[in-house]
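Coordinate analysis (summary)
Given next are the chains, with one letter for each unit.
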Amino acid sequence: MNIKLYIPINKYLICLLLLSIFIACVSNKNYIIPKGLSTSQKKDFVLQFNQGRTLYDLNCANCHNKIINNKVVEPDFTVEQFEIYKIRIKNEPHVTSLGPQQITPTEINKILFFFINKKKNKLNPATTFKHID
Amino acid sequence: MPSVFKKLKHSNHYTVLASLLCLIYLSLSFSTTKKDKPYTDHYNSLGVNFNVQMDDLKNEITVGDISNQNVILEIKRRINICRHVLKALDFWWRYYEPIAYKKINGPLLVEWENEVFEKHEKPYKREGFGLSLALMYLDEKNITKDSLLHLIDPAIKTIEVFSSDSIIQQLETPASFFFCNRLFLLNLATIYTTGFECPEDEWILPELNFILLSVDAIYKRYSLQYPDLNLPQEYLDLFHEMSLFVQQKVHQNYKNVNPLIGVAQPKDTVSSFDHFTWIQKYVNPLYKMNQDMISKNHLVSLSYIDYSMNSKNSSIFDKSLYHAQNTQGIFLRVKDSSAIHEMIKLGKLLFYDPILSKNNKRSCVSCHKPTQYFTDTSVSTSLEYDGITRLTRNTPTLINSEFNHLILLDGKHITLQDQLLDVITNPKELGMKRNEIVAKVMSCPDYKKAFNTFLKYTPTEQKITPEHIVSVISMYVSTLSQYEAPFDQMMNGTQPVNDEVQAGFNLFMGKAKCGTCHFVPLFNGVKPPYTNSEFEVLGVPSDTTFHMISSDEGRFVINPAYETKHAFRTGSIRNSSFTKPYMHNGVFNTMDEVIEFYNAGGGNGKGLIIENQTLSSDSLKLTVLEKKQLITFIQSLDEMVPNQFPPMNLPKSKNKLLNNRKIGGEY
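Here the structure is a predicted model, which is why all the values come from computation and not from measurement. (Residues numbered from 1 in each chain as written. Chains lettered and ligands numbered in written order. Predicted model: local features only at pLDDT ≥ 70, side-chain atom pairs only at ≥ 80, totals over all residues.)

**Comments concerning the overall build of chain B**
The following threshold applies: By the criteria applied, helices consist of DSSP H or I runs no shorter than four residues and strands consist of E runs no shorter than two, each listed in order from the N terminus. Note on burial: count the other C-beta atoms lying within 10 Å of the residue's C-beta; 20 or more is buried, 12 or fewer is exposed, in between is partly exposed, and C-beta positions come from the backbone. Our contact criterion uses C-beta atoms placed from the backbone: two residues qualify when those atoms are within 7 Å.
Per the secondary structure count, chain B includes 22 helices and four strands. The buried share of chain B, reckoned over its 667 residues, is 46%. In chain B, the share of contacts with a sequence separation of at least 24, taken over all contacts with a separation of at least 6, comes to 72%.

**Notes on the overall build of chain A**
What chain A contains, in helices and strands, is seven helices and two strands. Out of the 133 residues belonging to chain A, those deemed buried represent 16%. When contacts within chain A are restricted to residue pairs at least 6 apart in sequence, those whose partners lie at least 24 apart make up 71%.

**Looking at the interface of chain A and chain B**
The cut-off we apply is this: Here the nonpolar group is Ala, Val, Leu, Ile, Met, Phe, Trp, Tyr, Cys and Pro; Asp, Glu, Lys and Arg are the charged ones; every other residue, Gly included, is treated as polar.
Contact residues are listed per partner, giving 16 residues for chain A and 13 residues for chain B. Elements that contribute at least two residues to the side of chain A that touches chain B include exactly α2 (39-59), α4 (84-87) and α5 (92-97) of chain A. Here the residues of the side of chain A that touches chain B sort into eight nonpolar, five polar and three charged.

**Brief notes about the domain arrangement of chain B**
All names here are of chain B. Put simply, the test is: Residue ranges for the domains trace back to a domain assignment, done automatically or taken from a database.
When the domains of chain B are assigned, the result is domain 1 (1-172), domain 2 (174-182 + 193-300), domain 3 (329-483 + 643-660) and domain 4 (504-635). At the interface, 20 residues of domain 1 touch 18 residues of domain 2. For the side of domain 1 that touches domain 2, the secondary structure elements donating two or more residues are α3 (38-63), α4 (69-96) and α6 (131-137). For the side of domain 1 that touches domain 2, the element with the highest residue contribution is α4, accounting for nine residues. The class makeup of the residues in the side of domain 1 that touches domain 2 is nine nonpolar, seven polar and four charged.

**Some points on the environment of Ala567(B)**
Residues and elements named next belong to chain B. In this fold, Ala567 is placed in the loop between β3 (535-536) and β4 (568-569). For Ala567, a count of 26 C-beta atoms within 10 Å gives the class buried. Separated by 323 residues in the primary sequence, Ala567 and Leu244 have C-alpha atoms spaced 41 Å apart.

**Comments concerning the nonpolar core**
Residue and element names in this part refer to chain B. As a reminder of what qualifies: Each nonpolar core comprises buried Ala, Val, Leu, Ile, Met, Phe, Trp, Tyr and Cys residues, the members being joined through C-beta atoms within 7 Å.
Cys82, Leu89, Trp92, Ile152, Cys180, Val283 and Phe508 are the most contacted members of the largest nonpolar core, which totals 116 residues. Here this core takes twelve residues from α4, the largest share from any one element. Those residues in contact with Ile152 that lie beyond four places of it in its chain are Leu57, Lys58, Ile61 and Ala134. Ile407, Leu430, Phe451 and Val477 belong to the second-largest nonpolar core, a separate cluster that totals 39 residues.

**A look at the confidence of the model for chain B**
Interpretation of the predicted coordinates at a detailed level should be avoided for regions scoring low in pLDDT. Residues and elements named next belong to chain B. Keep this limit in mind: Per residue, pLDDT measures the predictor's confidence, with a range of 0 to 100.
Confidence along chain B averages 90 in pLDDT terms, with 89% of residues attaining 70 or more. When the criterion is pLDDT under 50, residues 6-12 qualifies, and its contacts beyond four places in sequence or with other chains add up to 15 contacts. Low pLDDT (under 50) marks residues 29-33, which in the prediction has zero contacts with non-local residues, meaning those over four places away or in another chain.

**A few points about unusual backbone geometry**
All names here are of chain B. Residue Pro529 follows Pro528 across a cis peptide bond; omega there is 0°. Mapped onto the secondary structure, Pro529 falls in the loop between α19 (499-509) and β3. Here Lys580 and Pro581 are connected by a cis peptide whose omega angle stands at -10°. Along the chain, Pro581 turns up in the loop between β4 and α20 (591-600). Even without glycine at this site, Asn142 takes up a positive phi of about 50°. As for its placement among the helices and strands, Asn142 is situated in the loop between α6 and α7 (145-158). With phi around 60°, Tyr530 is a residue other than glycine that occupies positive phi space. Counting through the fold element by element, Tyr530 comes out in the loop between α19 and β3.

**Some details on α19(B)**
Residues and elements named next belong to chain B. Among the eleven residues in α19, eight count as buried, and that is most of the element. Every buried residue belonging to α19 is among Val501, Gln502, Gly504, Phe505, Asn506, Leu507, Phe508 and Met509, and all of these are buried. The secondary structure elements touched by the buried residues of α19 are α12 (275-296), α18 (486-492) and α22 (624-635).

**Section: the environment of Ile294(B)**
Residues and elements named next belong to chain B. Mapped onto the fold, Ile294 is located in helix α12. For the pair Ile294 and Leu356, spaced 62 residues apart in sequence, the C-alpha separation works out to 45 Å. Not counting residues up to four positions away in its chain, the partners in contact with Ile294 are Phe178, Leu299 and Ser311.

**Observations regarding the packing of α4(B) against helix α10 (residues 204-225) of chain B**
Residue and element names in this part refer to chain B. The following threshold applies: An axis is simply a line fitted to the C-alpha atoms; with a helix, the fit covers only the stretch in contact. Between two such axes, the angle follows the N-to-C directions and lies from 0 to 180 degrees. Here the word oblique covers every angle except those under 35 degrees (roughly parallel), over 145 (roughly antiparallel) and from 65 to 115 (roughly perpendicular). Crossing handedness is read from the near helix: turned anticlockwise from the far helix by less than a right angle, it gives a left-handed crossing, and turned clockwise, a right-handed one.
Here α4 crosses α10 at 50°, and the two axes come no closer than 9 Å. Classified by the angle between their axes, α4 and α10 sit oblique to one another. Crossing angle aside, the handedness with which α4 passes α10 is right-handed. Touching His84, Lys87, Ala88, Asp90 and Phe91 of α4 are Glu207, Phe210, Ile211, Ser214, Val215 and Ile218, all from α10.

**Some thoughts on the environment of Phe82(A)**
All names here are of chain A. If you trace the backbone, Phe82 turns up in the loop between β2 (71-73) and α4. Sequence-wise, Phe82 and Ile108 are 26 residues apart; in three dimensions their C-alpha atoms are separated by 8.3 Å. Setting aside chain neighbours within four positions, we find Phe82 in contact with Phe77, Ile87 and Leu112.

**Considerations on the packing of helix α9 (residues 175-190) of chain B against α12(B)**
All names here are of chain B. The geometry of α9 relative to α12 is characterised by a closest axis approach of 10 Å and an angle of 160° between their N-to-C directions. With respect to α12, the axis of α9 lies roughly antiparallel. In this structure, α9 meets α12 at a crossing whose hand is left-handed. Residues Phe178, Asn181, Arg182, Leu185, Leu186, Leu188 and Ala189 of α9 lie in contact with α12, whose contacting residues are Ile279, Val283, Leu286, Tyr287, Asn290, Met293 and Ile294. Along the lines of polarity and charge, the residues of the contact of α9 with α12 split into eleven nonpolar, two polar and one charged.

**Comments concerning the confidence of the model for chain A**
On average, residues of chain A score 78 in pLDDT, and 71% of them reach the 70 mark or higher. Note that pLDDT drops below 50 for residues 126-133 of chain A; the model gives that stretch eight contacts with residues more than four away or on any other chain.

Written as structure tokens, this is what we have:
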């Protein structure tokens, strides 16, 4: 009997844990919602932003995230650095991992959306990030 | 070195040029401490030479009296000198700065840009500039200096782009040489031999001969500068043999072979050139060896023009040559072959399932019949959703659709998935509402279960979207495009060459001029570096009485302009034995009619008046035998696509009203 009781509790606990992590993530949101958006536009904004972030994590974070003072810091890229067909050939790793068979232009645009709307780092990016141009 | 180009730009004085050239020569001969760079130097000195010749040309135009016929002849002679020097630079310039290059060697007609690296942008107009156009302009009446300079000036201004630091840096490492060479080889198979950018047919062979000599000079200097990463001897030997093949032809065909392009007088026309042997025996094996060098040395192209090219491909006649569409859609990153297999199975099921139509009576199969090469050969245009009216365009085959950068005959869509969604939600086709698609499909537990297991492959999505559904369909459709045709096998040497096919191909590339729009190897409007989809205005009539042009405005609907009216994307001629009727409106029922239409010079040749027709209105003067040979060649492009068997049954829905669906739909 005891065992049978424990399983649902464990499941429940895991769900609760996941939920709390989720809430923590959401509350610690890394974006600034532009003013004047309707509720549905806000929802759409958050969806797009999160999609962009996921795609960033999948395709870019490995090389571009930095650990500073034991904290993972995402870089701040500008729109100018994000021309779809130039970013693909910026350097050799980009050619091999950002080809049209690896990521679509729509997805690159979503990553750009993430960069445009994410909170900028407080540190001076010029001194902390040196990316290959 | 780079700055030399620029300094020369504004100078028109021979003395200054001569002294500068001397200075270059001296600086080169005394620079013993500097490492020898014969390859880079060759590039620079050809560039300087071109700039000098262009300035001389401009000077001649500015100073000369263009009402005097002798001055016109002198200008023509100078233009030909410039074209000549340019042919030697073509090897690099076309690769390093393709867009800038078009200002010097521009399209003969106004071009609306739709290259793959620009297809997300609104199309823009690219006016023709450059030497070939200037040459053609000189033959017109009432020419003015301003108009002539308008064609030449942008070319001169563009030259400095080619001495930029980024290009010089690329020349200072060996890698980009192999990508220049790849593009050069692909152009040998497609545009250099067909007269694609040659104002006169008689010049094709002398120009080709000169290009080969120039490239040989480049190869020699490259091997001096980069002895460690050189083309294999086998390559150089075959290249030499190829050059002799052309030289012999030039000696046979021309009375006096003047080294200057545009002067050689032909005995014969270019149509006797054996395009088949040229590609099969020389170009394709050379391409393979160059590709081997790229993959063996893990070379990477840093040019946006190479997006589509596949470095692992080893034959021009292999479907892996270039990549135009993401056939996996939202499942782009899935590599697991068993998951892909399951997705394809699901896609096939949906392809036959009328659940994707509003009335549950139509499916993809309604128009794209698997037994008829995924088109409908029984009707000019298929039925609309209402079951009474007819659509305006002929149903295209789905086979090889993934090798187009722009989808649909008017290039409306840039992805297969957008096109699929368009068909499903088009009130004249499947008539669904976008927001109803998912709920309807997911009402079948089988679909729901399958898609839910696939959700883990799309981490950006929390739930199933219409994109998931169309992506599996495009994955299924893509499996139909992987088959080869007997012609591919002949080119790849896995099947003996058929003489009639060979003769037909030579006509296709030569006298019949088909090859100037239908490019090797897909024979569609995608030419090296395989980054664009071209449109043409042919003047296709509304019916076979040829009383009027078809009212369909084609590309104009998407991008309204004088040039795009009645323009349609060039389709592939592969599998055309099985995909009648032909043209955008299905007006011709046999291949003979199609060839007769082209032979007559399109709509204009048939007596219609189409101002912007891009097809020459002159007759091709094909004989009965030649037409027969052309058809034999076209039939050799029929791919061996295996029969498709419909699914045994469709998934049951929780909504009982949906469970009377017929496999493939009812009409």
